[in-house]
Amino acid sequence: MKLNKLFLLVLSSLLLLSGCNTAEPTSVEVAAPPSSLVLYGDVTPDNSQLITLDFPAKVTAVHVKNGDILQKDDILFTLDFSDYLLQMSSKEKELEEAQIQLKNLEQSLNPQLAQYDATSENLALKKKYLQQDSDPEIIPLESELELLEKEATTTKSLYETNQELFTNGLLAQQELEASEQAYKAILQKIKATSSAIKQIKDARTLEVNTLSNELKSLKSQISNTDQEKSTSLEKLRVQIALLEETISNMKSKLDEPYLRENTIIAPVNDMVVYDIAVMNGSDLSSTNGILGKLLSQDSLYILADIPEESLSLVKEGQPVSISLAGHTDSQPVLAGTISQIAGCATLKDGDTVVEAHIQVTEGSKHLKAGLSADIIVSY
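Rules behind the numbers
- Residues numbered from 1 in each chain as written.
- Predicted model: local features only at pLDDT ≥ 70, side-chain atom pairs only at ≥ 80, totals over all residues.
- Heavy atoms only, no water.
- Salt bridge = Lys/Arg side-chain N within 4 Å of Asp/Glu carboxyl O.
- Buried < 20%, exposed > 50% of the residue type's maximum accessible area, 1.4 Å probe, protein only.
- Helix = DSSP H or I, 4+ residues; strand = E, 2+ residues; numbered from the N terminus.
- Patch = residues over 30% accessible without salt bridge, like charges linked within 9 Å, V, L, I, M, F, W, Y side chains within 5 Å.
- Areas by Shrake-Rupley, 256 points an atom, 1.4 Å probe, with all protein chains shown as cover.
- Lys, Arg positive; Asp, Glu negative; His and termini not counted.
- Charge placed at Lys NZ, Arg CZ, Asp CG, Glu CD.
- Contact = heavy atoms within 4.5 Å.
- Expected span 1.5 Å × (residues − 1).
- Axes fitted to C-alpha atoms, helices over the stretch in contact; angles between N-to-C directions.
- Parallel < 35°, antiparallel > 145°, perpendicular 65-115°, else oblique.
- Left-handed = near helix turned anticlockwise from the far one by under 90°.
- Nonpolar A, V, L, I, M, F, W, Y, C, P; charged D, E, K, R; others polar.
- Pairing = 2+ DSSP bridges.
- Phe/Tyr/Trp six-rings, centres within 6.5 Å; stacked < 30°, edge-to-face > 60°.
- Polar contact = N/O pair within 3.5 Å; in protein donor to acceptor, adjacent residues only side chain to side chain.

Going by an unreviewed UniProt entry, the protein chain carries the name LcnD-like C-terminal domain-containing protein and comes from Cellulosilyticum lentocellum.

Undergrad: Could you clarify how one ought to interpret the pattern of salt bridges in this entry?
TA: Any two side chains of opposite charge can pair, given that their charged atoms come close. Applying the stated criterion across every chain yields a total of 15 salt bridges. Among the salt bridges present, the one from Asp73 reaches Lys72, with a minimum N-O distance of 3.6 Å. Residue Lys72 is classed as partly exposed on the basis of its relative accessible area of 46%. Between Glu207 and Arg204 there is a salt bridge; the shortest N-O distance is 2.7 Å. Here the residue Glu207 and the residue Arg204 both occupy positions in helix α5 (residues 173-221), the gap between them amounting to three residues, near one helical turn. Exposure remark for Glu207: the relative accessible area of 27% places this residue in the partly exposed category. Classification of Arg204 by relative accessible area gives buried; the value is 9%. Taken together, the shared-partner salt bridges in this structure form one network comprising Lys126, Asp135, Glu137, Arg204 and Glu207.

Undergrad: Help me understand a negative patch on the surface in this model?
TA: On the surface, Glu308, Glu309, Asp349 and Asp351 cluster together into a patch of negative charge. Along the chain, Asp349 falls in the loop between β13 (346-348) and β14 (351-362). Judged by relative accessible area, which is 80%, Asp349 ranks as exposed.

Undergrad: How should I be thinking about the environment of Leu148 in this particular structure?
TA: Turning to its location among the elements, Leu148 is positioned in helix α4 (residues 139-167). In sequence terms Leu148 and Leu187 are 39 residues apart; their C-alpha atoms lie 8.2 Å from each other. Beyond its immediate sequence surroundings of up to four residues, Leu148 is in contact with Ile186, Lys189, Ile190 and Thr193.

Undergrad: Even after reading the chapter, I still don't get helix α2 (residues 82-108), so can you show me in this structure?
TA: Helical geometry note: an α-helix holds 3.6 residues per turn, so side chains three or four residues apart project in the same direction. In this model, α2 (27 residues) spans 39 Å end to end at C-alpha, consistent with the 39 Å of a helix rising 1.5 Å per residue. Among the residues of α2, those classed as buried are Tyr84, Met88, Leu95, Ala98, Leu102 and Leu105. Summarising the contacts, the buried residues of α2 are in contact with α6 (224-252).

Undergrad: How do you make sense of the packing of α2 against α6 when you look at a structure like this?
TA: Describing two packed helices takes the angle between their axes plus the distance from one axis to the other. Viewed as axis vectors pointing N to C, α2 and α6 meet at an angle of 155°, and their least axial separation amounts to 9 Å. Relative to α6, α2 is oriented roughly antiparallel. Crossing angle aside, the handedness with which α2 passes α6 is left-handed. Among the residues making up the contact of α2 with α6, the classes are represented as twelve nonpolar, seven polar and eight charged.

Undergrad: I keep staring at the sheet that holds strand β5 (residues 75-80) and nothing clicks. Help me out?
TA: Across a sheet, paired strands are connected by hydrogen bonds in the backbone, their directions being either parallel or antiparallel. The four strands lie next to each other as β3-β5-β7-β6, forming an open sheet whose pairing is antiparallel. The strands lining the two open edges of the sheet, one partner per strand, are β3 (58-62) and β6 (259-260). Strand direction decides the pairing type here: β3 and β5, joined by four bridges, are antiparallel. Considered in β5, the bridge of Lys58 is made with Asp80.

Undergrad: Explain the environment of Glu180 here, please?
TA: Topologically, Glu180 is positioned in helix α5. With 17 residues separating them along the chain, Glu180 and Gln163 place their C-alpha atoms 9.2 Å apart.

Undergrad: Please clarify how the packing of aromatic side chains should be interpreted in this entry.
TA: Within a pair of aromatic rings, the relevant descriptors are the distance that separates the centres and the angle that separates the planes. All chains considered together, the criterion is met by three aromatic pairs. Both rings, one in Phe55 and one in Phe81, keep their centres 5.1 Å apart while their planes meet at 70°; by these two values the pair is edge-to-face. One end of the pair, Phe55, is in the loop between β2 (48-52) and β3; the other, Phe81, is in the loop between β5 and α2, and 26 residues separate them in sequence. For the pair formed by Phe55 and Phe81, the shared burial category is buried. Ring geometry for Phe55 and Tyr84: centres 4.7 Å apart, planes at 20°, overall stacked. You can see Phe55 sitting in the loop between β2 and β3 and its partner Tyr84 sitting in helix α2, a full 29 residues away along the chain. One aromatic cluster in this structure is built from Phe55, Phe81 and Tyr84.

Undergrad: Explain unusual backbone geometry to me, please; I cannot follow it from the model alone.
TA: Among all residues except glycine, the phi angle is most often negative; among peptide bonds, the trans geometry is most common. Even without being a glycine, Asp73 presents a positive backbone phi close to 80°. Position of Asp73 relative to the elements: it lies in the loop between β4 (69-70) and β5. Positioned with a positive phi, Asp270 is a non-glycine residue whose angle comes to about 55°. Along the chain, Asp270 falls in the loop between β7 (263-265) and β8 (271-274).

Undergrad: Hey, could you run me through the side chain of Thr263 in this one?
TA: Along the chain, Thr263 falls in strand β7. Looking at Thr263, its side chain comes within polar contact range of the main-chain oxygen of Arg260, at 2.8 Å. The residues touching Thr263, leaving out its near neighbours within four places in the chain, are Ile75, Phe77, Thr78 and Tyr258.

Undergrad: Quick question: what am I supposed to make of the environment of Leu284 here?
TA: Tracing the backbone shows Leu284 in the loop between β8 and β9 (290-296). Judged by its relative accessible area of 1%, Leu284 falls in the buried class. Residues Leu284 and Phe55, spaced 229 residues apart in sequence, show a C-alpha to C-alpha distance of 8.1 Å. If sequence neighbours within four positions are ignored, Leu284 has contacts with Leu53, Ala57, Val59, Val278, Gly289, Ile290 and Leu291.

Given below as structure tokens:
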């Protein structure tokens, strides 16, 4: 609109200067401004890293403030979790004592107890084979038997069909006899496979009876003291397994890339601090273990809103110019590209808009999370 007014003013001046001059007036061409659309958005982190600990600790010092840019190994917080380390050390000593008790108990056991345990386990396994039809020797034979029975149905049907054809004089006797032999051969295989399965089951039944008698004999030879030792042995093994799992879990909680000894450090370069959740003396149990958040400077992008009436003017891959809030000569206009347009619209402040991701291609060092931005899209 300002250019149109300027054009009229220049034209009027030229007419006045020409006066009564009969010469043709000189034409002035003014280039029309390119068509453009201004979108509004905010600088947003693509991903952030939550700094959290899953064990009791206290913050003894905070070395950063929101907005600080950190390099790898810079210290954010100093912690005191000596009580947790003491608790873990106590569990390790408890485990060591239990392992010593187990070793001594195993050495004092009646040798027949080990035989009793082995026989008991073997008996339970053989009973399982019989009760659940899970014998590894029988399973392949049963599969083979199933296939043979299907094959027998087919060969029997063929043999019966050939009998009718032979009776009607439509088939030679030699072919009839061949189909009969094939059928009988399958029946023989079925009989042999069924017999093998039965033999294995009978052998398992005999094993179960033999093992049961052996177990009764061993039990009569083992004193009540030995049996009590055996029970204690099993309890110790369970206790040791639980302690090992507990200690492993406690150690894994200390295995964080940002935890070094008693400090929290920046795990990589160019991390920005924001949303600090603690102060000196904070108890992490009162903050659910959250100390704060870090974001990568390289992950910043601009999330802009496209009004629904302007959606047809914007396309993915389109270049844009970006002006950040508080724009100055030392903070030039940035260049970027529309990298992604959302697949659905949302309602914001009563307006229907579609979100667009703007990737900054030039001047990304000027980005700061939370800054507002004007995005100029030419079309």
